[in-house]
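# Structural overview
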Amino acid sequence: MKILHLEYFIAIVRFNSFTKAAQYLHISQPSLTAMIKKMEDQLGYQLLTRTTKDIKITEKGIQFYQYAVPLVNEYHQTMEKMFDLNTNQQPKLKISVLESTTQWLSTMIQQHATTHETPRYQIVETHDQNLSTSQLLNYHVDIALTNDKIKHEDIMSKRLYKESYILIAPEGNFTNQKSTSLKDMPLIVPNKGSQVRKHLDDYFNRMTFHPHITAETDRFETAVNLVHKGIGYAVIPQIYYQSFNTTGLEAVQIRPKLSRTIYINYLKKRKHPTQVLSLIDQCLQYWNFKT
C-alpha cells in the first residue's frame, strides 16, 4: 500500500463522493473504485459501504482514516524538507512565535535580512509550550519563542525579557485608577491549552476566586476587537498593548501583579546554519540593550 492510496481514501471521506474525489484527484471513477476495493482486500476489512444513494464509512474505516491523515501530512512535510535541501534554494529559517512577539520580531527579521543573502523565513504561531518543544525536537522549527523556560536536556532556553499582563477596557472605564483586581470583572481570556491561559488559571487559583469569563479566543487581536464591542475586558501582555493599535482603549495594571518571561529556544546539539545563530544573537542583544 502506497501513500497515494491513503490520499485516495482520505479524498473520498472528505468529499463523501467517489465522483467528486475522482475529479479532485484527476483519475477516473472506476479506477478509484477499483483501488479502494484492492485496499480493502489487502486489509481484510471494509473501509466504506456503498449504495446507489450514498457512502458510509465503517467503524474500522474511521480508525483507518485517523491513522492515515497524520501519516499523509507527515509525508508531505518530510518531502518539503527534502526539497528544501536543494542547493539551488536558500534554506528556510523556521521560527515558532507568540502573537505578542511578532511586532519586535519583525524588526529583528528586517535587520537580519539586510545582512544575509536572500534569506527565506517561515513563521508559525504556537501558543502551546508542549507543541513548541515538539517542533524543536522534531526539527520542524529552528527557533521557538515561548512564555516560559523549556526544561529539556536537549534544548537551550535563554531569557529575553519579562513583562506584565495588563487589563484593557474602553476609555473611561478606569478613570484615575492605576490598578484593579480581576475579581468579578467580565474577562476575555485565551482558550484552554495556551500557555497564557495556564498562567491565568494558576493566578485565579492562587487568588482563590472563580473568574467571570465572557469570551475565550485564540488571539489577542480578537480579544481586543471584542473589547471594542463591549463584550468584556481583555487580559493581554503589556508589550502587545504598546506595539499594536489599541486606539480608544485604556490599560490598567492588574492587582496583585501578574507577569511572564519570554524565552528564545533552540536545540543544543543541532548544527545550526550561521543565519540561525546570528538571528538568535540579534534577539538576545536587542533585549539585553532594551532591559
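Owing to the predicted nature of the structure, the values given are computational and were not obtained by experimental measurement. Each chain carries its own residue numbering, running from 1 in the direction its sequence is written. For this predicted model, a pLDDT threshold of at least 70 governs which residues receive local features, and a threshold of 80 or more governs which side-chain atom pairs are given and counted, while totals over whole chains, interfaces and linings are taken from all residues. Where side-chain values are given, they derive from all heavy atoms of the structure, hydrogens and water being excluded.

### A look at the overall build of the protein chain
Under the DSSP-based scheme used, a helix requires at least four consecutive residues in state H or I and a strand at least two consecutive residues in state E, with every element numbered from the N terminus. For the protein chain, the count of helices and strands is 10 helices and 12 strands. A radius of gyration in this sense is built from C-alpha atoms; the matching globule rule multiplies 2.2 Å by the number of residues raised to 0.38. Expected size for 291 residues packed as a compact globule is a radius of gyration near 19 Å; at 25 Å, the protein chain overshoots this value by more than 25%. Projecting the C-alpha coordinates of the protein chain onto the three principal axes gives extents of approximately 75 × 50 × 35 Å. The classification of residues rests on relative accessible area computed with a 1.4 Å probe and restricted to protein chains. Under 20% of the type maximum is buried, over 50% is exposed, and intermediate values are partly exposed. Going through the 291 residues of the protein chain one by one, you find that 43% of them count as buried. The contact criterion used is simple: two residues touch if any of their non-hydrogen atoms lie within 4.5 Å. For the protein chain, the share of sequence-separated contacts (at least 6 apart) that also reach a separation of at least 24 residues comes to 72%.

### Thoughts on the UniProt feature "domain: HTH lysR-type" (unreviewed entry) in the protein chain
UniProt positions are given in the numbering used here, feature names are shortened, and annotations may be inferred rather than shown by experiment. Per the UniProt record, "domain: HTH lysR-type" (unreviewed entry) is annotated on residues 1-58. With 62% helix and 10% strand, the stretch residues 1-58 has end C-alpha atoms that lie 19 Å from each other.

### Comments concerning a positive patch on the surface
Distance thresholds for patches are 9 Å for like charges and 5 Å for nonpolar side chains (Val, Leu, Ile, Met, Phe, Trp, Tyr), applied to residues having over 30% relative accessible area and no salt bridge. Accessible surface is estimated by sampling points in the Shrake-Rupley manner with a 1.4 Å probe; for residues, cover comes only from the protein chains shown. For this document, the term salt bridge refers to a Lys or Arg side-chain nitrogen within 4 Å of an Asp or Glu carboxyl oxygen. The charge count includes Lys and Arg as positive and Asp and Glu as negative, but it does not include His or the ends of the chains. Throughout, a charge is located at the NZ atom of Lys, the CZ atom of Arg, the CG atom of Asp or the CD atom of Glu. Taken together, the side chains of Lys149, Lys151, Lys268 and Lys269 present a region of like positive charge at the surface. Secondary-structure assignment places Lys268 in the loop between β12 (259-267) and α10 (274-290). Taking relative accessible area as the criterion, Lys268 reaches 44% and is therefore assigned partly exposed.

### Here we look at the packing of aromatic side chains
Any Phe, Tyr or Trp ring, taking Trp's six-membered ring, that has another such ring centre within 6.5 Å forms a pair; planes under 30 degrees apart are called stacked, those over 60 apart edge-to-face, and the others tilted. Counted according to the given criterion, the structure contains 12 aromatic pairs. On the basis of an interplanar angle of 15° and a centroid distance of 6.3 Å, the ring pair of Trp104 and Tyr286 is categorised as stacked. Of the two residues, Trp104 sits in helix α5 (residues 102-114) while Tyr286 sits in helix α10, which places them 182 residues apart along the sequence. Seen from their ring centres, Phe204 and Phe209 are 5.5 Å apart, and the 55° between their planes marks the pair as tilted. The buried category is assigned to Phe204, whose relative accessible area is 3%. A network of ring pairs unites the aromatic residues Trp104, Tyr161, Tyr286 and Trp287 as a single cluster.

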